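Spelled out from the first residue to the last, the chains are:
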Amino acid sequence: MTRVLDKKKVSIVRYEKSLESVRKAVDLCGGLNRLSSDAKVFIKPNVVFWTRFASFPKWGVITTSRVIEDMVVLLKERGVQKIVIGEGIVLNDPKDTESAPHAFESLGYYRLKARYGVDVIDVHNRPFKKVQLDDGISLDVNGDFLDSDFLVDIPVMKTHAQTVVSLGIKNIKGTLNVNSRKKCHSADPEKDLNYHVAKFIEMIPPCFTMLDGIYTNERGPGFDGKMRRSNILVGSSDMFSADKVGARILGFDASEVPHLVHASQNTGRPIDLSDVEPVGEPIEDVAAKHQYDFPYAEDDALPLPMKRMGIEGLAYRKYDLSMCTYCSSLNGIILTAIAQAWQGEPWNDVEVLTGKLMKPTPGKKKTILLGKCMYLANKDDPNINTLIAVKGCPPSTKKIVEAFNEAGIPLTHDIFDARETVPSLFMKKYEGRPEFDEAFFKIDD
């Protein structure tokens, strides 16, 4: 039985005022008590997506710049001089060198650099170090993160279509290089994405986790989720405890979140809240159910909205954990293009397979293998009648359009050519709603 003295404090604070609310969340749980003024501090925000070509919904997607600045102020008050803000943004083109600086400028990080002397880094441009997580798994992790004395982890409080929730532990994925991120989406059913994510907690320095729930996101992690103004901050010097409480606030017991179950088993700690001492607002007063996955038809052959459209002759199987971030970023736009191409006439019994684990259904007339991993896994499968390969990691949009046209599904290049501006269409959902305030993502003069 866990003694009271062993319990990890987790603060739950309603966000009411800049700096004051963040200070309260820190102080209630003693989140910076272990911090020395001469420590090298790494601040890890959550900038899961960026485009420099259009405005898009940031609420519940990206850590608010206001909370980032408030944390910098609190660190400076404690005499900390060495502060790095570091992130590795997921970009449509992994070779894009312009969007990360554009994001940091737009979010005010460079203003923080000028005002407080913090460094701002794109982890993709910095050295990586290999970290051995177990006998079979090694990941390349940003060296600045690994060499820091103290981590301030500030993810958004959101659900996630693959990992149920994306909170403190999941946010560490942004310190990995691109190949290691792909590696996390393993085809090994025993060492899958959740297994890898749970391991992240083993490589962190002493830390303070602040879950930014000013805006929360249902069916995240991206801009196509449903954002809410929730005004919640969760803080703890114990990341696992913060995530257990954050999951509960989003409507899930930690036992329903596979990577938290793995973390519990790895650390020998309980999966329930018996070793946690919530302070501040009662959990039940701020908790609200957030759905995490996108609904599909009962046979998982089509997203439910497409099934309701009456689409026939196509099976586009539901994504699984082995689909990596870079193919996932294409998935939504492909489905949108398919919906636009539907004219009411059944297509010719086409199946689309993604990720690394799916296997062809016997008897399908045409099978599209989407991405390098799926092609290598199934290129010789005897159950495929007509194979249409879309190679590449990630595959090019040009090849995607060509493959679907070959299968008799007349996709056009238009939506793919406008890929960088499509996120702006989601802004319409938030027009005329003053609670969704862009000012949270700016640093005041």
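Now for a quick tour of the structure.

Criteria and cut-off values
Position numbers for residues count from 1 along each chain, tracking the sequence in the order it is written. The predicted nature of this model means local features are confined to residues of pLDDT at least 70 and side-chain atom pairs, given and counted, to a pLDDT of 80 or more, with totals for whole chains, interfaces and linings taken over all residues. As a rule here, side-chain values cover all heavy atoms of the structure and leave hydrogens and water aside. Pairing of aromatic side chains requires ring centres within 6.5 Å, counting the rings of Phe and Tyr and the six-membered ring of Trp. Pairs whose planes differ by under 30 degrees are stacked, by over 60 edge-to-face, and all others tilted. Only DSSP runs of H or I covering at least 4 residues are called helices, and only runs of E covering at least 2 are called strands; the numbering of each starts at the N terminus. When accessible area is computed with a 1.4 Å probe and restricted to protein chains, residues below 20% of their type maximum are described as buried, those above 50% as exposed, and intermediate ones as partly exposed. Definition used: whenever NZ (Lys) or CZ (Arg) falls within 6 Å of the ring centre and also within 35 degrees of the ring normal, the charge is taken to sit over that ring. Two strands make a pair as long as DSSP finds a minimum of two bridges between them. Every angle, taken between N-to-C directions, lies between 0 and 180 degrees, and every axis is a line fitted to C-alpha atoms, over only the stretch in contact when it is a helix. A contact between two residues is defined here by any heavy atoms of the two lying within 4.5 Å. When the strands point away from the viewer and the path from the first strand over the helix to the second turns clockwise, the crossover is right-handed. Here, the term nonpolar core denotes a set of buried Ala, Val, Leu, Ile, Met, Phe, Trp, Tyr and Cys residues that are joined through side-chain atoms within 4.5 Å. We count a salt bridge whenever a side-chain nitrogen from Lys or Arg sits within 4 Å of a carboxyl oxygen from Asp or Glu.

Time to look at the packing of aromatic side chains. Two descriptors summarise a pair of aromatic rings, namely the distance from one centre to the other and the angle between the planes of the rings. In total, this model carries 17 aromatic pairs according to the counting rule given. Where Y296 meets Y319, the ring centres are 6.0 Å apart and the plane angle is 80°; that geometry is what we call edge-to-face. With Y296 in the loop between α11 (283–286) and α12 (304–309) and Y319 in the loop between β13 (314–316) and α13 (325–341), this residue pair connects regions lying 23 residues apart in the sequence. Exposure class is identical for Y296 and Y319. Each is buried. An aromatic cluster is present here, built from Y15, W59, Y215, Y430, F436 and F440 joined pairwise through their rings. Its guanidinium or amino end placed over the ring of F440, R66 lies 4.3 Å from that ring's centre, counting from NZ or CZ.

Once that is clear, we can look at the sheet that holds strand β16 (residues 386–390). In space, the four strands of this open sheet follow the order β13-β14-β15-β16, with parallel pairing throughout. The two strands at the open ends of the sheet, each matched to only one other strand, are β13 and β16. Between one strand axis and the next, the sheet turns by 15° as a mean value, whatever way the strands run. As paired strands, β13 and strand β14 (residues 350–353) are joined by three bridges and run parallel to one another. Counted as the bridge partner of L314 is V350 from β14. The sheet contacts of α13 involve β13 and β15 (366–370), and relative to β13 the element is tilted by about 165°. Its contacts with the sheet put helix α15 (residues 397–406) on β13, β14, β15 and β16, and the angle it makes with β16 is roughly 165°.

Looking now at the side chain of N378. Within the element layout of this structure, N378 appears in helix α14 (residues 372–378). Setting aside residues up to four positions removed in sequence, N378 forms contacts with L353, M358, K359, P360, L369, I384 and L387.

By the criterion of burial, strand β2 (residues 40–44) is predominantly enclosed, with four of the five residues buried. Sheet topology places β2 next to strand β3 (residues 82–87); four bridges connect them, and they run parallel. Looking at β3, one finds that V41 is bridged to I83. Handedness of the crossover joining β2 and β3 through helix α2 (residues 65–77) is recorded here as right-handed.

Here we come to the nonpolar core. Core analysis: the biggest nonpolar cluster contains 55 residues, and I43, M71 and M210 have the highest contact counts within it. Element by element, the count of residues in this core is highest for α2, at seven residues. Excluding residues within four positions of it along the chain, M71 makes contact with V22, V26, L32, V152, I154, F208 and M210. Membership of the second largest hydrophobic core comes to 48 residues, among which are I121, L139, I204 and A254.

Another aspect to go through is the pattern of salt bridges. The tally for this structure, following the rule as stated, stands at 25 salt bridges. Note that D380 and K379 form a salt bridge whose closest N and O atoms lie 3.1 Å from each other. The class for D380 is exposed, based on a relative accessible area of 63%. Relative accessible area serves as the criterion here: at 34%, K379 is assigned to the partly exposed category. Here the residues in one salt-bridge network are D238, K244, R269 and D275, joined through shared partners.

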